[in-house]
Amino acid sequence: MPGSGGPVATFSVWDYVVFAGLILFAAGIGLFQAIRGRKEASSDEFLLGGRQMTAVPVALSLTASFMSGITVIGTPAEAYMYGTPFWLFVFSYTIMSIISAELFVPLFYRLSITSTYEYLEMRYNKLIRVIGTSMYIAQTVLYTGMVIYAPALALNQITGLDLWGVLVATGAVCIIYCTLGGLKAVIWTDVFQMIIMLSGFVAVIARGAVLQGGFENIWNDSYHGGRLETFSFDPDPLRRHSFWTIVVGGSLMWASMYSINQSQVQRYISCKTMTHAKLALYLNMVGLWVTVSLAMLSGLCMYSIYKDCDPFTNKDVGASDQLLPYLVMDILAEFQGLPGLFVAAAYSGTLSTVSSSINALVAVTVEDFMKPAWPWLTERQLSWINMGMSVFYGGVCIGMAGVASSMGNILQAALSIFGMISGPLFGLYMLGMFFRCANSTGGLVGLISGLAITLWVGIGAQVYPPLPEKTLRLSLSVEGCIAPDMNETTTITPFTTVLQTTTPQPRPALADTWYSLSYLYFCPLGIIVTMVTGLIVSAITGGCKQEKARPELFIGKSDLICFGCRNSDSEVSDLIEKDPKNIQGLESPVFCDNEIALKEKDYKDKITKF
């Protein structure tokens, strides 16, 4: 009986058929795009889809690439153990979308970049670009290792699928269509995988509602179990999740992902116009709302079913990320094929993230390291390098999967990695975009300082996790579990995490203060330290007296007004035609569409000339 504990069913033949069929179909989409575009062998086509993508597929790809297998299995477990405060991320997604669409899209479009880190060399110097790219590569390889390993381990222990066999197969599938098809293959495969991920959530929610007698009972169980206490305005920065940590810290963390992370930027700059790029980000925002809401509802269904018999306490599962796979095999096993659909959903999230990461890693390596070092490379040589690097990074990500086994809570660990590394990088971009007096010395010292601080607190938090009083894990019970050898309930005392009385190990003085800082504040901390240090050092080293940098590298008034550009596209063209020197007095014009008479390249050429 579902919800009573004990072993659950394993995969049936039809589950294997559905799982394998969906994964092969996804790979087939990627290969089809590879064959379809085999004559278009340029590096721009491979890395950016020829800059001819439209908003809807890019939006779905944006959502899928960070709605990974970690999210599919980790977010419902979050709702099950901690309640629905995580749902407040819908506000973070909204703020992130506005920042990315209205500040960074115009900037990157007017600079016509391929690698996000090209901006760092334009604004600062070559060294800072190399450091920024290296930080991104380290972050992405580690994160992708987690994305591959964590879902594979969880599903291995529940379904019996061979762990390393699945890891290698996952990497191999991604390598094949990334290598042959480039960004177009990744985006169109992501579209299909996003549909599969959402279908997996819907299957769990629908079956849970039937078993529990409707959503009203699920909602009632969740309310009495304390799972619906979403809004907490406690300003304590040590509290893991509150309105302030999620909306303030979460918004900046997600903005650092979507605004400067190559995996995301590479998608929206592949759009054929700036309008499509902005629309893709706003459609992605809606996709994130839907996904996190379905994930939260799946977690509440799980709690309603297991409110009297927690599988984790009852030792039916060994880790929190195995809870949802366990639920799936418990409630869907009688419908042969549906467990296979869910496993395909989790692996679709893995495939989409891994393929996006591989493609982005290839882009930054080629653009930031290889092209500057060997400018004589031909398009054909670059195409072979792109494919070779795809194979290389696929192998590296599979190898890094083993590192992820020591990361603990996978969802929190994944977001912590982004906060620790993306925070200082995002601060570096903001410093360069908004402050004309910031110089290369200030930027470099600020970046190093911000990274040192976030690594200090982040690594400390991994070594000395915060105490339960700050994480606020909710109570769970095993009163309703059926004993394995008799048809009666166990007499185990109900388990309540918050009231545990075990003697803690000795902890340093910083463990309950500095190291207990909410992981969502890692990113804001890195931003603040980087920007403040950068401004101080720039002032000391004469940054404000430096020669004026190119005006298109900064955020101007026109960038901050979505529909009221001070200098419209036609006005810019007319002014330059009458007197090219007028370009010096313009306020960083926003090219609202790249299908206009004055292209970004012409604009940059005229600035250089005059």
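Tallying secondary structure elements over the protein gives 21 helices and 0 strands in all. Element-wise, carbon and sulfur atoms account for 65% of the exposed surface of the protein, whose accessible area totals about 23600 Å².

What follows concerns the nonpolar core. By size, the foremost hydrophobic cluster in this structure holds 159 residues, and its most contacted members are Phe104, Phe108, Tyr119, Leu120, Tyr268 and Tyr429. In this structure Tyr119 touches Leu107, Phe108, Leu111, Tyr429, Gly432, Met433 and Leu553, once residues within four positions along its chain are discounted.

All right, on to the environment of Pro372 then. One can find Pro372 in helix H14 (residues 338–373). Classification of Pro372 as partly exposed rests on a relative accessible area of 38%. Discounting chain neighbours no more than four positions away, the residues touching Pro372 are Lys126, Val366 and Glu367.

Another point: the pattern of salt bridges. Within this structure, the stated rule accounts for 8 salt bridges. A salt bridge links Glu78 to Arg240, with the shortest nitrogen-to-oxygen separation between them at 2.8 Å. Here the residue Glu78 occupies a position in helix H4 (residues 69–82), and Arg240 occupies one in the loop between helix H9 (215–224) and helix H10 (243–260), the gap between them amounting to 162 residues. The pair Glu78 / Arg240 is uniform in exposure class, with both members buried.

Moving on to H14. Helical periodicity: at 3.6 residues per turn, an α-helix aligns residues three or four positions apart in one direction. Helix length check: H14, at 36 residues, gives a terminal C-alpha distance of 51 Å against a target of 52 Å (1.5 Å per residue), a fit within 8%. The largest bend in H14 amounts to roughly 35° and is located at Val366. Across the 36 residues that make up H14, a large majority, 31, are buried.

A separate point is the packing of aromatic side chains. All told, the structure shown has 21 aromatic pairs when counted by the stated rule. With centroids separated by 5.6 Å and ring planes inclined at 40°, the aromatic side chains of Tyr117 and Tyr136 adopt a geometry described as tilted. Highlighted residues: Tyr117 in the loop between helix H5 (89–111) and helix H6 (118–123) and Tyr136 in helix H7 (residues 126–159), separated in sequence by 19 residues. Tyr117 gets classed as buried once you look at its relative accessible area, which sits at 1%. Considering the side-chain rings of Phe233 and Trp244, the 6.0 Å spacing of their centres and the 65° angle between planes classify their relative orientation as edge-to-face. Here Phe233 is found in the loop between H9 and H10, whereas its partner Trp244 is found in helix H10, with 11 residues between them in sequence. Through a chain of ring-to-ring contacts, the aromatic side chains of Trp87, Phe91, Phe231, Phe233, Phe243 and Trp244 assemble into a single cluster. Residue placement shows Arg436 over the ring face of Phe554; its charged tip is 4.4 Å from the ring centre.

Right, let's get into H10. With 18 residues, H10 ought to run about 26 Å at 1.5 Å a step, and its terminal C-alpha atoms sit 25 Å apart, in line with that. If you look at H10, its biggest bend is around 35°, right at Gly250. Most of H10 is tucked away, with 15 of its 18 residues classed as buried.

Looking at the secondary structure, you find Asp368 in helix H14. Its relative accessible area of 2% is what places Asp368 among the buried residues. Polar side-chain contacts of Asp368 include one of 2.7 Å to the side chain of Thr133.

Let us look at unusual backbone geometry. Despite not being glycine, Ser112 shows a phi value in the positive range, around 50°. Tracing the chain through its elements places Ser112 in the loop between H5 and H6. The backbone of Lys315 sits at a positive phi, close to 60°, despite the residue not being glycine. On the accessibility criterion, Lys315 (73% relative accessible area) is exposed.

Below, the discussion takes up the side chain of Arg110. Position of Arg110 relative to the elements: it lies in helix H5. Residue class for Arg110 comes out buried when judged on its relative accessible area of 1%.

The subject of this paragraph is the confidence of the model for the protein. For the protein, per-residue confidence averages 77 on the pLDDT scale, and residues scoring 70 or more make up 77% of the total. Here helix H20 (residues 569–578) is the element of the protein with the lowest mean pLDDT, 44, and helix H19 (residues 522–540) is the one with the highest, 94. Low pLDDT (under 50) marks residues 485–503, which in the prediction has 29 contacts with non-local residues, meaning those over four places away or in another chain. pLDDT under 50 marks residues 562–610. Its contacts with residues more than four places away, or in other chains, come to 81 contacts.

Another aspect to go through is the environment of Tyr117. Taking C-alpha positions, Tyr117 is 6.2 Å from Thr133, a pair spaced 16 residues apart along the chain. Ignoring anything within four residues of it in the chain, the contact list for Tyr117 reads Arg129, Gly132, Thr133, Tyr136, Ile260, Asn261, Gln262, Val364, Asp368, Leu425 and Tyr429.

Where helix H17 (residues 440–463) meets H19, the closest approach of the two axes is 7 Å, and the angle between their N-to-C directions is 150°. Compared by their axis directions, H17 and H19 come out roughly antiparallel. In the crossing of H17 with H19, the sense of the turn from one axis to the other is right-handed. Residues Thr441, Gly442, Val445, Gly446, Leu447, Ser449, Gly450, Ile453, Thr454, Val457, Gly458 and Ala461 of H17 form the contact with H19, whose own contacting residues are Phe522, Leu525, Gly526, Val529, Thr530, Thr533, Gly534, Val537 and Ser538. Per-class residue counts for the contact of H17 with H19 are 9 nonpolar, 12 polar and no charged.

To characterise two packed helices, one gives the angle between the axes of the helices and the distance between these axes. Relative to each other, helix H12 (residues 274–306) and helix H13 (residues 323–331) sit at 65°, their axes nearing to 11 Å. Along this stretch, H12 crosses H13, giving a crossing that reads as left-handed. Judged by residue contacts, Met302, Ile305 and Tyr306 of H12 engage Leu323, Leu324, Tyr326, Leu327, Asp330 and Ile331 from H13. In the contact of H12 with H13, the residues fall into 8 nonpolar, no polar and 1 charged.

Procedures and definitions
Residues numbered from 1 in each chain as written. Predicted model: local features only at pLDDT ≥ 70, side-chain atom pairs only at ≥ 80, totals over all residues. Heavy atoms only, no water. Helix = DSSP H or I, 4+ residues; strand = E, 2+ residues; numbered from the N terminus. Areas by Shrake-Rupley, 256 points an atom, 1.4 Å probe, with all protein chains shown as cover. Core = buried A, V, L, I, M, F, W, Y, C linked by side-chain atoms within 4.5 Å. Buried < 20%, exposed > 50% of the residue type's maximum accessible area, 1.4 Å probe, protein only. Contact = heavy atoms within 4.5 Å. Salt bridge = Lys/Arg side-chain N within 4 Å of Asp/Glu carboxyl O. Expected span 1.5 Å × (residues − 1). Bend = angle between axes of the 7 residues up to and from the residue. Phe/Tyr/Trp six-rings, centres within 6.5 Å; stacked < 30°, edge-to-face > 60°. Lys NZ or Arg CZ within 6 Å of the ring centre and 35° of its normal. Polar contact = N/O pair within 3.5 Å; in protein donor to acceptor, adjacent residues only side chain to side chain. pLDDT = per-residue confidence, 0-100. Axes fitted to C-alpha atoms, helices over the stretch in contact; angles between N-to-C directions. Parallel < 35°, antiparallel > 145°, perpendicular 65-115°, else oblique. Left-handed = near helix turned anticlockwise from the far one by under 90°. Nonpolar A, V, L, I, M, F, W, Y, C, P; charged D, E, K, R; others polar.

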